[in-house]
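# Working through the structure, step by step
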Amino acid sequence: MTALETQTLATDELLVQLKGIGKLYKKGKEQVKVLSNLDLDIRRGDFLALMGPSGSGKTTLLNLLGGLDKPSAGELKIGGQRLDQMSSSQLTKWRARHVGFIFQFYNLMPVLTAEKNVELPLLLTNLSSKQRKHHVAAALELVGLSNRAKHYPSELSGGQEQRVAIARALVSDPDLLLCDEPTGDLDRATADDILSLLQTLNQQQHKTIIMVTHDPRAADHARHILHMDKGALVNDGRVTDTGH
Amino acid sequence: MFNSIAQIVVVTLMNLRNLPQRVGTSSVAVFGVACVVGVFIGVLSMASGFQRTMVSAGAEDVLIMMRAGATSEMSSGMGYDQTQLIANLPGVAKLDGKPLSSPELFVIVDIPMRTKDANANAPLRGVEPMAFAVRNSFKIIEGRNFEPGKNELIVGRGAQKQFANLSVGSVVKFGQTEWTVVGAFESGGGLAESELWCDAKILQNAYRRGNSYQIVRVKIEDKKALDTVKAAIAADPKFNLDVKRETDYLSEQSEPLSKFIKMVGYPLAFLMALGAIFGAVNTMYTSVSNRTREIATLRAIGFGSAPVAISTLVESLVLAVIGGVIGSVIVYLVFNGYTVSTLNFASFSQVVFDFAVTPDLLVQGVIFATAIGFIGGFFPAIRAARLPVATALREV
């Protein structure tokens, strides 16, 4: 098992524990092995970039970490809870409480304003309308978009849309932020802004972030980089420390 | 619980607000349902209009007496003596001391239609003065009543609309006899409005019927007097009669055609409904497909599968109800009150009636549309609920 050596973390508590994780997909009559016997521990407060060629299993691993999919084999524990033993509806509820997603194409709801988009995860909580408004305002302020709260996604730039998506991912204060190519659709300067924002969230808000990316410059913003290939961790899971 | 309802409301509203972006595919479903509901209500309004015409002017306290075994006026017959005995039966109401008893003669005449180049069978009824008192809602609306002993006709409002040359003052020839139209009448929208009326004695002579009639209509003292009349008839061997309330008789007479219209109409509406369901299913599958990113994102955030499924079902229902309302409104505007005539199987004569798009039918139409929407949205809703989130996110 590989425990990431991350001396700069605020805590040594393990947030994510993967043991012997395997994932098979059925393709017609054949079974395709996407992940095999994967062991990995991630500490709370880390910012980890997952890199690797297409088809290496990065997104599959991210989906497992986000409770969007279940492993075919092994143990997957996040925050002490066994995701591999949860039913589909239990995973749905778990996602609402513990994880925030940031997608490459933002995935905002076009008919909702920025603030209504951000409010979506809070509709799954028992917060009052007033409390929800308060949280939404705080999240939008954190990503620097308070003045765009009433705008629809079509009225925002790509970078602004991704900031709204980040605010949406943050608003319910999840344990884990999962980013799938969050800068893949942005120009360089905007991408750097977004990555800096993620860095700030990690360093100042102590958010645990796992980011899938093809872009080495994006990966450089993380604390650690983990390489994957053919469904396994490269170099036995040793990480590259970026020095952040 | 509140949480689940809030999820359903949010996802459904979001879905409905997205509808304008899918106006093309959505309108296919709306159009399909509108057509089906249009046909459905159209056919039923025909049946209900026919039934209303046949039955509406009937009264519970009026009896029809026919020869035993006769199924309609056409096959009935009785002599003058018998009509006099009927008039004096216990239970028959009286007006100024005279029994409210109306012996009537019924023949079919050939008459040109007003709107097409064809002839039709029109009912010509010979009546005596008491016929007007026996009927509750008889009213001359144009000209005057015929004078006994003269070759004069009064014509029903419906007959005047459907048959040619029946305006007041016209002269028409049936067989060897010429008749002058002297008036037009209403009779509560009932069957009588499809008829032409004249003096019974003149009609007997014109058609060489001697001193015979076909039926007698009597008004009884109250609704319960039917039993008294029946008992008296049963007790007297001189009578060989069937006695029915006017409402029951008219209802029986309307049944064959009503059934026929429904027999044709229901399968037609059913077949069209199948088409509309396929249209709705297709529209909703397209909708789910178009919303894959949205659905997958909501599911990833933590929204349950039920709100997603329900929102799809609600969208289908909304589209179907819109279609149903459009279909209903169009049918109402185009067909309600539209006058047609058709052959009444029971009397082999034309009966003139208006399409009746009643509130009941409109409600039935919307319920029918809702059923189409539910069936059409059910499977797409299940697909939406079962959308594999991880795969769906990768596809977008």
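Counting restarts for each chain: residues are numbered from 1 in the order of the written sequence. Lettering for chains starts from A, numbering for ligands starts from 1, and both go in the order in which the items are written. Side-chain atom pairs in this predicted model are given and counted only at pLDDT of 80 or more, local residue features only at pLDDT of at least 70, and totals for whole chains, interfaces and linings cover all residues. Water and hydrogen atoms were dropped before computing side-chain values, which therefore reflect all heavy atoms in the structure.

## So, the overall build of chain B
In this description a helix means any DSSP run of H or I spanning at least four residues, a strand means any run of E spanning at least two, and both kinds are numbered starting from the N terminus. Counting its secondary structure elements, chain B contains twelve helices and 16 strands. As defined in this context, the radius of gyration uses C-alpha atoms, and a globule is described by 2.2 Å times the residue total to the power 0.38. Here the C-alpha atoms of chain B give a radius of gyration of 30 Å, more than 25% beyond the 21 Å that 2.2 N^0.38 yields for 396 residues. Principal-axis analysis of the C-alpha atoms gives chain B an extent of 95 × 50 × 30 Å. In chain B, buried positions account for 53% of the 396 residues. Contacts are assigned to residue pairs that have any heavy atoms within 4.5 Å of one another. Sequence separation of 24 or more characterises 78% of the internal contacts of chain B that already satisfy a separation of 6 or more. To be clear on the numbers: accessible area is Shrake-Rupley with a 1.4 Å probe, and residue cover counts the displayed protein chains and nothing else. If you sum the accessible surface of chain B, you get close to 17,200 Å²; carbon and sulfur atoms cover 60% of it. In summary, the charge assignment counts Lys and Arg as positive and Asp and Glu as negative, without counting His or the chain termini. A single reference atom marks each charge: NZ on Lys, CZ on Arg, CG on Asp, CD on Glu. On chain B, the mean spot of the 35 positive side-chain charges and the mean spot of the 31 negative ones are 9 Å from each other. Accessible area is worked out with a 1.4 Å probe on protein chains only. A residue is then buried under 20% of its type maximum, exposed over 50%, and partly exposed in between.

## Comments concerning helix α4 (residues 129-142) of chain A
All names here are of chain A. Taking 1.5 Å as the rise per residue, α4 with 14 residues should run 20 Å; its terminal C-alpha atoms sit 20 Å apart, in good agreement. Among the residues making up α4, those that are buried are Arg132, Val136, Ala139 and Leu140. The buried residues of α4 occupy one face: seen down the axis, they fall within an arc of 95°. Facing away from the buried surface of α4 by more than 90 degrees, the exposed residues are Lys130, His134 and Glu141. Packing partners of the buried residues in α4 comprise α3 (114-119) and α5 (158-170). At the C-terminal side of α4, Gly144 shows a positive phi close to 75°. Here the expected span of a helix is defined as 1.5 Å times the quantity of residues minus one. By construction, the arc corresponds to the directions joining the helix axis to the C-beta atoms.

## Quick look at a nonpolar patch on the surface
To count toward a patch, a residue needs a relative accessible area over 30% and no salt bridge; like charges are then connected within 9 Å, while nonpolar side chains (Val, Leu, Ile, Met, Phe, Trp, Tyr) are connected within 5 Å. A carboxyl oxygen of Asp or Glu within 4 Å of a side-chain nitrogen of Lys or Arg is what we treat as a salt bridge. Among the surface-exposed residues, B:Ile322, B:Val325, B:Ile326, B:Val329, B:Ile330, B:Tyr332, B:Leu333 and B:Val334 lie close enough to one another that they form a single nonpolar patch of about 710 Å² accessible area. One can find B:Val329 in helix α10 (residues 305-335).

## Regarding the interface of chain B and chain A
The interface of chain B with chain A comprises 22 residues on the first partner and 25 residues on the second. Buried area, as used here, totals the accessible surface that two parts lose on assembly, with accessibility defined by a 1.4 Å probe and the loss added over both. Both faces considered, chain B and chain A share a buried interface measuring about 2,100 Å² in area, 63% of it formed by carbon and sulfur atoms. If you look at where chain B meets chain A, you find zero salt bridges. Sorting the residues of the side of chain B that touches chain A by element identifies α1 (2-17), α9 (292-301) and α12 (389-395) of chain B as the ones contributing at least two each. When residues in the side of chain B that touches chain A are grouped by element, the largest group, seven residues, is from α9(B).

## Structural notes on the domain arrangement of chain B
Residues and elements named next belong to chain B. Here the bounds of each domain stem from an automatic or database domain assignment. As far as domains go, chain B holds domain 1 (2-55 + 253-395) and domain 2 (69-239). Summarising the inter-unit geometry, the C-alpha centres of domain 1 and domain 2 are found 46 Å apart. The interface of domain 1 with domain 2 comprises 15 residues on the first partner and 20 residues on the second. When domain 1 packs against domain 2, close to 1,200 Å² is buried across both sides, 56% of that on carbon and sulfur atoms. Its largest share of buried area at the contact with domain 2, domain 1 owes to Thr53, Gln350 and Val352, together 38% of the area lost on that side. Along the contact surface separating domain 1 from domain 2 lie zero salt bridges. Side-chain atoms alone can form a polar contact between residues adjacent in sequence; in general such a contact is a pair of N or O atoms within 3.5 Å, and within protein one must be able to donate a hydrogen while the other accepts it. Connecting domain 1 to domain 2 are two residue pairs in polar contact (both at pLDDT 80 or more).

## Some thoughts on the sheet that holds strand β4 (residues 73-78) of chain A
Note: strands within a sheet are paired through backbone hydrogen bonds, in either parallel or antiparallel orientation. All names here are of chain A. For two strands to count as paired, DSSP must find a minimum of two bridges between them. Read from one edge to the other, the open sheet built from four strands follows the order β2-β1-β4-β5, with strand pairing classed as antiparallel. With partners counted over all chains shown, the strands left at the sheet margins are β2 (30-43) and β5 (81-82), one partner each. Pairing geometry for strand β1 (residues 14-27) and β4, over five bridges, is antiparallel. Paired with Lys19 across the strands is Glu75, a residue of β4. Only C-alpha atoms enter the line fits that serve as axes; for helices the fit covers just the stretch in contact. Angles between N-to-C directions range over 0 to 180 degrees. Where helix α1 (residues 58-65) meets the sheet, it contacts β1, β2 and β4, and its direction lies at approximately 120° from that of β1.

## Quick look at the packing of aromatic side chains
To describe a pair of aromatic rings, you give the distance between the ring centres and the angle between the ring planes. Residue and element names in this part refer to chain B. For Phe, Tyr and Trp, rings pair up if their centres lie within 6.5 Å, where Trp contributes its six-membered ring, and each pair is then called stacked (planes under 30 degrees apart), edge-to-face (over 60) or tilted (otherwise). All chains considered together, the criterion is met by 15 aromatic pairs over all chains. Between Phe132 and Phe146 the ring centres are 6.0 Å apart and the planes differ by 55°, which places this aromatic pair in the tilted class. Within this pair, whereas Phe132 is found in helix α4 (residues 130-134), its partner Phe146 is found in the loop between β7 (138-143) and β8 (152-156), the two being separated by 14 residues in sequence. Take Phe146: its relative accessible area is 8%, and that puts it in the buried class. Each ring, one from Phe132 and one from Trp197, has its centre 5.8 Å from the other, and the planes form 45°; the classification is tilted. One end of the pair, Phe132, is in helix α4; the other, Trp197, is in strand β11 (residues 196-199), and 65 residues separate them in sequence. Residue class for Phe132 comes out buried when judged on its relative accessible area of 19%.

## A few points about the pattern of salt bridges
In total, this model carries 24 salt bridges over all chains according to the counting rule given. Among the ionic pairs, A:Lys207 bridges to A:Asp173, the shortest N-O distance being 2.4 Å. Of this pair, A:Lys207 sits in the loop between α6 (188-204) and β8 (208-212) while A:Asp173 is found in the loop between α5 and β7 (176-180), placing the two residues 34 residues apart along the sequence. What makes A:Lys207 buried here is its relative accessible area of 8%. For A:Asp173, a relative accessible area of 53% translates into the label exposed. Residue B:Glu147 pairs with B:Lys150 through a salt bridge whose shortest N-O separation is 2.9 Å. You can call B:Lys150 partly exposed: its relative accessible area is 39%. If you follow the salt bridges from partner to partner, you end up with B:Glu73, B:Glu104, B:Arg125, B:Arg135, B:Glu195, B:Arg217 and B:Glu246 in one network.

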